[in-house]
Amino acid sequence: MNPFAYSRPSSLADTVDELAGSSRSRIIAGGTNLIDLMKENVERPAQLIDINRLPFSTIDELPDGGLRLGALVTNADTAYHPLVEQRYPLLSQTILAGASPQLRNMATNGGNLFQRTRCYYFYDTSMPCNKRAATNNGPGGCAAYGGYNRIHAILGTTDDTNGQSSCVATYPSDMAVALTALEAVVQVTGPNGDRSIPMADFHRLPGAEPWRDNTTQPGEVVTAIDLPVRGFPDHYTYIKVRDRSSYAFALVSVAVGLEMDGDVVRDARIALGGVAHKPWRKSEAEQLLAGKTLSPETIRPVADALLAGARGYGHNDFKIELAHRAIVRAVLKSGLADNTQE
Amino acid sequence: MIGKPISRVDGPEKVTGQAKYAAEFNVPDLTYGVVVSSTITKGTITRIDTTKALALEGVLEVFTHKNRPKTAWFDMSYKDQDSPPGSPFRPLHDDQVKYNGQPIALVVADTFEVARYAATLIEVDYDAEPCETDLLKHLHEARDPESGVANVFKPLPPKPRGNSAAAYANAPVSMSARYIHGMQHHNPMEMFATTVEYGRNGKLTIYDKTQGATNSQLYVTQAFNLSFDQVRVVSPYVGGGFGSGLRPQYQLFLAVMAARALKRSVRVSLTRQQMWSFGHRPATVQNIRLAADSDGKLAAVEHEAIAETSQFEDYTETVVNWTGKLYDCPNSTLSYKLKSLDMYSPLDMRAPGGVTGVHAIECAIDELAYKAGIDPLDFRFKNYSEKDWTEKDKPYSSKELRACFTQGAERFGWSNRTPEPRSMRRGHTLIGWGMATGIWDASQVPARAEAVLTVNGKLRVSSATADIGTGTYTIMTQIAAELLGMPLENVIFRLGDTDMPLAPIQGGSWTAATVGSAVKVTCEALAKKLFKLARKMPGSPLAGADFDDVFFASSHIRLRRDPSLSVSLQAIVDQNGGRAISETGTSLPNVLKQKDYSRSAHAAAFVEVEVDEDFGTVVVTRAVSAVAAGRILNPKTARSQIIGGMVWGISSALQEESIMDHRYGRYMNHNLAEYHIPVCADVRDLDVIFVEEVDDIVNPLGVKGVGEVGLVAMPAAIANAVFHATGKRIHDLPIQLDKLL
Ligand SMILES: Cc1cc2nc3c(=O)[nH]c(=O)nc-3n(C[C@H](O)[C@H](O)[C@H](O)COP(=O)(O)OP(=O)(O)OC[C@H]3O[C@@H](n4cnc5c(N)ncnc54)[C@H](O)[C@@H]3O)c2cc1C
Ligand code: SF4
């Protein structure tokens with residue numbers, strides 16, 4: 001671990017200044033991801049800016065009936081908040097499918113959005129990795145592309161043959177999958193003031209710059225995540241398929257929210273996790289469900305549309321079929337009156 | 001008499017943080033060593049530049065192959081009690097890299113933080129050569145292993161008997177399959193660490209993580225050419241071992257080397273990632289062909305295993321012999337071969353070879369039973385072995401496996417099973433029931449102990465053994481307390497110190513039998529000594545009695561015919577001029593008695609799985625293990641051992657695997673987030689039955705050890721249950737969901 005400076009600003013303005021001041025300064029919130037990365041020498045910040053004194057630790061109702069989740073509220077407090085449980089049970093269920101109770105007690109909502117990929121090669125500084133190499137840390141290339149890629153992406157990857165910008169990593173968050181389905185909006189403050197970024201635009205595909213996980217600019221701090229009014233509390237499901245019952249990242253996950261008119265779907269939201277560099281959603285696919293009654297036959301074309309263009313890299317080929325099945329199950333389950341049953 | 005389910009005597013120390021582990025002994029003026037690991041698998045270090053590290057304030061030295069102090073030259077000096085045949089790895093010996101993660105430098109600094117930072121500043125250039133680490137690519141190059149002393153406890157296969165090929169060809173029912181096991185790493189909670197206290201005149205007190213303090217002492221004295229009285233190794237608590245501590249690991253060598261060179265106390269702790277930089281359970285490929293006659297009697301058995309080893313040692317395990325012990329088939333061919341690859345030598349890991357070989361044979365037997373149309377349990381009754389042909393047809397000293405089958409099946413409800421695959425389900429969930437047999441050695445080796453009745457009437461017993469969490473402290477305290485009729489709280493058992501009487505490494509499930517027997521003979525000798533002193537006391541009520549006329553109870557020696565006539569143990573020491581009374585003893589296996597018998601513990605596991613039909617996820621919803629392991633000294637600690645083994649069985653069957661990228665020869669999931677073992681939510685209803693088993697041949701206590709046998713049957717029982725649920729035979733472990741999609 002490198003020597004680093006540590007500060008604990010008490011205002012957002014100071015935080016933004018300090019953060020914008022050096023490309024090697026990093027915010028620390030719960031520390032559950034950043035500290036791990038520092039121990040493995042993947043992150044080598046010159047300065048840690050501890051934001052835990054900033055006033056972003058509350059969950060508040062918005063005038064329009066939505067809910068504002070402070071960036072520093074922990075994942076656990078968010079999942080168990082009565083208003084979240086009532087109005088956005090999909091989000092509660094999704095958060096609780098992630099990590100472990102101990103981690104969720106430390107992990108913050110802001111930090112969760114910035115958590116980095118779990119790609120093995122990214123974590124090992126002796127391995128070729130385009131995502132890491134951009135920070136001058138280890139060789140370039142993409143070892144996962146032709147290597148052990150069971151946990152890697154099947155959609156939206158960059159796999160150019162010369163490997164100069166290849167990246168087949170996934171963004172591993174559970175929470176963000178539900179936030180994407182719920183069309184949450186991320187509130188950001190930076191050197192140029194405040195802006196709002198819809199979840200769909202917050203994370204990005206690797207494209208030609210796999211080292212960029214999201215669309216924030218240097219010096220920007222997430223202050224809150226806003227949930228719009230529609231929370232799909234009557235028909236929702238999060239299915240997370242993983243290698244053990246808990247404390248494992250999703251191989252494939254699906255967040256679904258439905259609005260129903262009796263047996264007929266009025267509106268559907270479907271987002272996938274564990275399959276791409278960002279939560280995967282396609283409104284064209286969701287529209288296929290409108291006006292339909294739910295059955296495997298009506299859902300399969302939706303899964304096909306969502307997964308169009310998916311490709312495997314060997315070890316992760318199974319994810320395509322698995323995602324297909326998970327979508328069908330999750331949508332069917334959401335339609336049930338009591339979705340705690342299967 | 002012995003056999004109360006008492007809680008661990010060391011429990012309070014552990015849960016209150018009083019128990020100290022190797023990296024927690026704080027000695028004055030301690031310095032800290034951090035290991036730099038190679039990032040290539042094979043080749044030559046062409047440049048290693050330590051300038052930047054040395055320039056940091058607080059860095060004392062950086063040791064590499066270029067500047068390391070002189071150590072023993074002859075490679076045999078690096079052998080330890082558990083070395084396989086070959087030439088042991090010598091840390092920092094030269095510029096050659098033999099495996100990925102090899103220690104190539106040790107940074108020593110005033111603080112751990114500085115040492116760790118300095119380690120990142122060391123620049124290394126390599127001349128890398130292509131490496132071979134993938135066993136599956138080299139099966140055709142497998143060869144016979146070199147045999148050595150290690151094979152006394154881990155025998156190689158016997159010569160074939162009968163004609164298995166012909167019998168196979170002619171039998172009406174047959175099966176053949178290939179089973180593939182990947183690599184696993186032990187990963188006990190406590191990482192490897194050594195704290196070396198550099199004392200006066202260079203005397204070393206070494207706090208080491210080890211399963212055998214005496215083994216570490218032997219290694220250090222030989223490698224550094226020191227005498228035994230210059231090296232004391234202390235290891236009172238071990239945060240799990242599973243076999244990883246059976247050999248001295250390289251942090252011990254590096255810490256001692258640095259301490260001697262710097263004349264300072266040094267601590268070297270490995271990181272979790274570095275727990276993948278020495279021994280592992282080797283990848284193994286097994287081919288099995290079985291045949292039966294029309295009424296389900298085995299007609300042919302062929303079981304071949306090919307395992308990996310390093311380029312420098314022939315690590316072997318007993319993989320195929322279990323098949324011969326469990327199934328006494330006239331036409332049997334067992335074989336075991338090795339392939340050397342560019343990796344560190346594999347290392348015994350809980351039930352080494354047993355968990356691998358028994359998984360394969362017990363899946364194969366299940367498959368053959370299905371082909372013969374016979375219930376898998378009935379098939380095992382039909383083919384029950386009464387003698388062990390791998391050991392010259394000797395009978396078993398005891399074998400209550402039938403009772404394991406019957407009682408396990410009864411508790412589990414096996415008779416309610418519908419045999420057809422996919423015949424039991426709930427919604428999306430397929431239910432499967434499977435069973436398998438387990439077996440493990442019941443060994444005993446020599447050991448010594450000391451027992452002291454202290455001046456304040458307490459009993460202190462010691463032996464240089466280890467307690468890797470198995471309950472050694474507890475059961476030895478129980479044995480001693482029982483023999484001298486003392487309350488547990490007045491008995492202290494100590495271990496893990498080379499100043500204590502000699503005991504072997506803690507492995508092979510032999511500690512209860514080995515050290516237990518030493519404690520027994522020693523306490524019996526002390527009892528006789530105390531009786532003699534009591535008899536001579538003025539006005540002693542025992543004056544005319546023989547030893548057989550008395551018994552020890554409530555801290556008194558009492559006359560059998562009138563227990564109110566007694567002498568208290570306290571009175572005996574008081575009478576001894578205020579001096580403690582001690583006795584040492586040695587227990588040796590009674591070879592004359594043991595040699596005509598094959599000695600094993602047995603088990604049967606019955607498992608229910610739920611398989612999600614769409615997703616392929618498998619959950620073990622309940623399991624019953626019935627175990628025949630001789631006398632159970634403490635049903636509580638013994639049950640914990642079996643439960644722990646069963647959980648590992650779930651792990652092996654469904655989750656656990658070290659993933660190596662063979663292009664680089666490097667493990668990729670080297671942390672506990674990605675190296676999966678069961679979490680609490682994966683461990684549901686586990687039940688243990690100990691069946692009655694009396695055995696006066698194995699050892700004086702009649703115990704067989706329970707550390708490993710609980711694991712052996714589980715992977716096959718789970719795989720067989722998965723077949724029953726899904727109709728799919730998955731021969732490659734772990735059975736992750738993609739294999740069932
Ligand atoms: C073993 C393990 C298992 C896990 N399993 C799961 C799982 O199954 N599912 C899942 O979703 N997650 C899982 N996690 C990840 C966990 O959810 C994240 O580590 C956590 O959410 C990060 O939050 P934090 O507050 O600790 O972030 P930190 O570690 O403090 O920060 C992470 C990153 O976010 C940046 N950051 C933090 N806050 C802000 C802010 N307000 N504005 C701008 N940047 C910010 C930091 O600079 C840093 O780069 C797991 C983690 C571990 C260690
Ligand atoms: S997938 Fe992305 S993160 Fe992983 S090695 Fe390739 S470039 Fe790096």
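Owing to the predicted nature of the structure, the values given are computational and were not obtained by experimental measurement.

Helices and strands together make up the secondary structure of chain A, namely 14 helices and 12 strands. Computed over its C-alpha atoms, the radius of gyration of chain A comes to 20 Å, within 12% of the 20 Å expected for a compact globule of 342 residues. Based on the C-alpha atoms only, the size of chain A along its principal axes is roughly 60 × 50 × 35 Å. Put simply, of all contacts in chain A between residues at least 6 apart along the chain, 63% involve residues at least 24 apart. For chain A, the accessible area works out to roughly 13,000 Å², and carbon and sulfur atoms hold 50% of it. Across chain A, the centroid of the 33 positively charged side chains sits 5 Å from that of the 37 negatively charged ones.

Attention now moves to the overall build of chain B. Along the backbone of chain B there are 18 helices and 31 strands. By the compact-globule yardstick of 27 Å for 741 residues, chain B fits well, its C-alpha radius of gyration being 27 Å. In terms of its C-alpha atoms, chain B occupies a principal-axis envelope of roughly 80 × 80 × 50 Å. Across the 741 residues that make up chain B, the buried fraction comes to 63%. Counting contacts in chain B only where the partners sit at least 6 residues apart, residues at least 24 apart contribute 81% of the total. Of the roughly 26,400 Å² of accessible surface on chain B, 51% is carried by carbon and sulfur atoms. On chain B, the mean spot of the 78 positive side-chain charges and the mean spot of the 84 negative ones are 4 Å from each other.

Bringing the confidence of the model for chain B into the picture now. Predicted confidence across chain B gives a mean pLDDT of 96, with 100% of residues reaching 70 or more. ipTM for the predicted complex: 0.96, alongside a pTM of 0.97.

Residue and element names in this part refer to chain A. If you check the shell around ligand 2, you find 15 residues, and the closest are C119, C129, C142, C167 and V168. Put simply, the parts of the chain that give the shell around ligand 2 at least two residues each are helix 8 (120–123) and helix 9 (130–133). When grouped by side-chain class, the residues that make up the shell around ligand 2 number 11 nonpolar, three polar and one charged.

Right, let's get into the packing of helix 13 (residues 296–306) of chain A against helix 14 (residues 318–335) of chain A. Residues and elements named next belong to chain A. Between helix 13 and helix 14, the least distance of the axes is 9 Å, while the angle of their chain directions is 130°. One finds that helix 13 runs oblique with respect to helix 14. The element helix 13 and its partner helix 14 pack so that their crossing is right-handed. Contact with helix 13, carried on its side by P296, I299, R300, A303, D304 and L306, involves H324, I327, V328, V331 and L332 of helix 14 and no other residues of that element. Within the contact of helix 13 with helix 14, the residues separate by chemical class into eight nonpolar, one polar and two charged.

All names here are of chain A. With respect to the secondary-structure elements, D213 resides in the loop between helix 11 (199–202) and strand 8 (221–227). At 3.0 Å, the side chain of D213 and the side chain of R116 are in polar contact. Residues in contact with D213, not counting those within four places in the same chain, are R116, K131, H203, R204 and H277.

Here the focus is the packing of aromatic side chains. Residues and elements named next belong to chain B. Across all of its chains, the model carries 31 aromatic pairs over all chains by this definition. Residues Y370 and F723 carry aromatic rings whose centres are separated by 5.0 Å and whose planes lie at 80° to one another, so their mutual orientation is edge-to-face. You can see Y370 sitting in helix 9 (residues 354–372) and its partner F723 sitting in helix 18 (residues 714–726), a full 353 residues away along the chain. Their ring planes at 45° and their centres at 6.3 Å tell us that F412 and W414 sit as a pair that is tilted. In terms of burial, F412 and W414 fall into one category: buried. In textbook terms, an aromatic cluster arises when at least three aromatic residues are bridged by ring pairs, as seen for Y78, Y219, F224 and F253. A cation sits over an aromatic face here: R729 above F723, 3.6 Å from the ring centre.

This part takes up the side chain of R666 of chain B. Note on placement: R666 of chain B falls in strand 29 (residues 666–667). Among the residues examined, R666 of chain B registers a relative accessible area of 12% and is labelled buried. At 3.3 Å, the side chain of R666 of chain B and the side chain of S126 of chain A are in polar contact. Only 2.7 Å separates the side chain of R666 of chain B from the side chain of N100 of chain B, close enough to count as a polar contact. Once you skip the residues sitting within four places of it in the chain, R666 of chain B turns out to touch D124, S126 and M127 of chain A together with S38, T39, T41, N100, I659, M660 and D661 of chain B.

Before going further, it helps to spend a moment on the domain arrangement of chain B. Residue and element names in this part refer to chain B. Entries for chain B in the domain assignment read domain 1 (11–130 + 186–276), domain 2 (396–443 + 597–741) and domain 3 (447–588). Taking only C-alpha atoms, the centre of domain 2 and the centre of domain 3 are 38 Å apart. Each partner contributes residues to the interface: domain 2 has 15 residues there, and domain 3 has 15 residues. Note on domain 2 versus domain 3: buried area summed over both sides is about 1,200 Å², and carbon and sulfur give 60% of it. Ranking the residues of domain 2 by area buried against domain 3 places S443, L633 and L701 at the top, with a combined share of 39%. On inspection of domain 2 and its partner domain 3, the count reaches zero salt bridges. Seen at the junction of domain 2 and domain 3, the total is two residue pairs in polar contact (both at pLDDT 80 or more). Residues of the side of domain 2 that touches domain 3, tallied by class, amount to five nonpolar, seven polar and three charged.

It is worth spelling out the interface of chain B and chain A at this point. Each partner contributes residues to the interface: chain B has 33 residues there, and chain A has 35 residues. Between chain B and chain A, a total of about 3,100 Å² is buried, with carbon and sulfur atoms accounting for 57% of that surface. Area buried by chain B at its contact with chain A is led by F615, M668 and E674 of chain B, which between them contribute 19% of it. For the pair chain B and chain A, the interface holds five salt bridges. Residue E674 of chain B is joined to R118 of chain A by a salt bridge in which the shortest nitrogen-to-oxygen separation is 3.7 Å.

On to unusual backbone geometry, then. Going from L733 of chain B to P734 of chain B, the amide bond is cis rather than trans, its omega being -5°. The residue P734 of chain B is located in the segment after strand 31 (732–733) in this model. Phi at Y247 of chain A takes a positive value of approximately 55°, unusual for a residue other than glycine. Position of Y247 of chain A among the secondary structure elements: in the loop between strand 9 (236–241) and strand 10 (252–261). Classification of Y247 of chain A by relative accessible area gives partly exposed; the value is 34%. One non-glycine residue with positive phi stands out, namely S509 of chain B, at about 55°. Mapped onto the elements of the fold, S509 of chain B is located in the loop between strand 21 (491–494) and helix 13 (511–536).

Right, let's get into the environment of P218 of chain A. Following the sequence through the fold, P218 of chain A ends up in the loop between helix 11 and strand 8. Considered as a pair, P218 of chain A and V186 of chain A are 32 residues apart in the sequence and their alpha carbons are 16 Å apart.

Glancing now at the nonpolar core. Counting residues in each nonpolar core, the largest one holds 139 residues, and the members touching the most others are I206, V220, L290, V607, V609 and I718 of chain B. If you count residues domain by domain, this core takes at least three from each of domain 1 (11–130 + 186–276) and domain 2 (396–443 + 597–741) of chain B. Those residues within four positions of I718 of chain B in sequence are excluded, and the remaining contacts are V607, V609, V620, G649, I650, A653 and L654 of chain B. Counting residues in each nonpolar core, the second largest holds 54 residues, with A143, Y148, A323 and A326 of chain A among its members.

In this section: the site of ligand 1. The full set close to ligand 1 counts 31 residues, and I27, G31, T32, T108 and D174 of chain A are the nearest of them. Per-site note: the chains with residues close to ligand 1 are chains A and B. With respect to ligand 1, the side chain of N112 of chain A contributes an N or O atom lying 3.4 Å from an oxygen atom. Side-chain polar atom of D174 of chain A to a nitrogen atom of ligand 1: 2.7 Å apart, as the coordinates give it. Protein chains bury 95% of the 980 Å² of accessible surface belonging to ligand 1 in isolation. Only strand 2 (25–28), helix 2 (34–39), helix 7 (109–114) and strand 8 of chain A provide two or more residues apiece to the shell around ligand 1. Among the elements that line the shell around ligand 1, the one with the most residues is helix 7 of chain A, at four residues. The residue inventory of the shell around ligand 1, partitioned by class, reads 16 nonpolar, 12 polar and three charged.

This part covers helix 5 (residues 89–96) of chain A. Along helix 5 of chain A, six of the eight residues are buried, which leaves the element largely enclosed by surrounding structure. When helix 5 of chain A is considered as a whole, its buried residues turn out to be P89, L90, L91, S92, T94 and I95 of chain A.

Thresholds, definitions, all that
Residues numbered from 1 in each chain as written. Chains lettered and ligands numbered in written order. Predicted model: local features only at pLDDT ≥ 70, side-chain atom pairs only at ≥ 80, totals over all residues. Heavy atoms only, no water. Helix = DSSP H or I, 4+ residues; strand = E, 2+ residues; numbered from the N terminus. Rg over C-alpha atoms; globule rule 2.2 N^0.38 Å. Contact = heavy atoms within 4.5 Å. Areas by Shrake-Rupley, 256 points an atom, 1.4 Å probe, with all protein chains shown as cover. Lys, Arg positive; Asp, Glu negative; His and termini not counted. Charge placed at Lys NZ, Arg CZ, Asp CG, Glu CD. Buried < 20%, exposed > 50% of the residue type's maximum accessible area, 1.4 Å probe, protein only. pLDDT = per-residue confidence, 0-100. Near = heavy atom within 4 Å. Nonpolar A, V, L, I, M, F, W, Y, C, P; charged D, E, K, R; others polar. Axes fitted to C-alpha atoms, helices over the stretch in contact; angles between N-to-C directions. Parallel < 35°, antiparallel > 145°, perpendicular 65-115°, else oblique. Left-handed = near helix turned anticlockwise from the far one by under 90°. Polar contact = N/O pair within 3.5 Å; in protein donor to acceptor, adjacent residues only side chain to side chain. Phe/Tyr/Trp six-rings, centres within 6.5 Å; stacked < 30°, edge-to-face > 60°. Lys NZ or Arg CZ within 6 Å of the ring centre and 35° of its normal. Domains from an automatic or database assignment. Buried area = accessible area lost by both parts, 1.4 Å probe. Salt bridge = Lys/Arg side-chain N within 4 Å of Asp/Glu carboxyl O. Core = buried A, V, L, I, M, F, W, Y, C linked by side-chain atoms within 4.5 Å.

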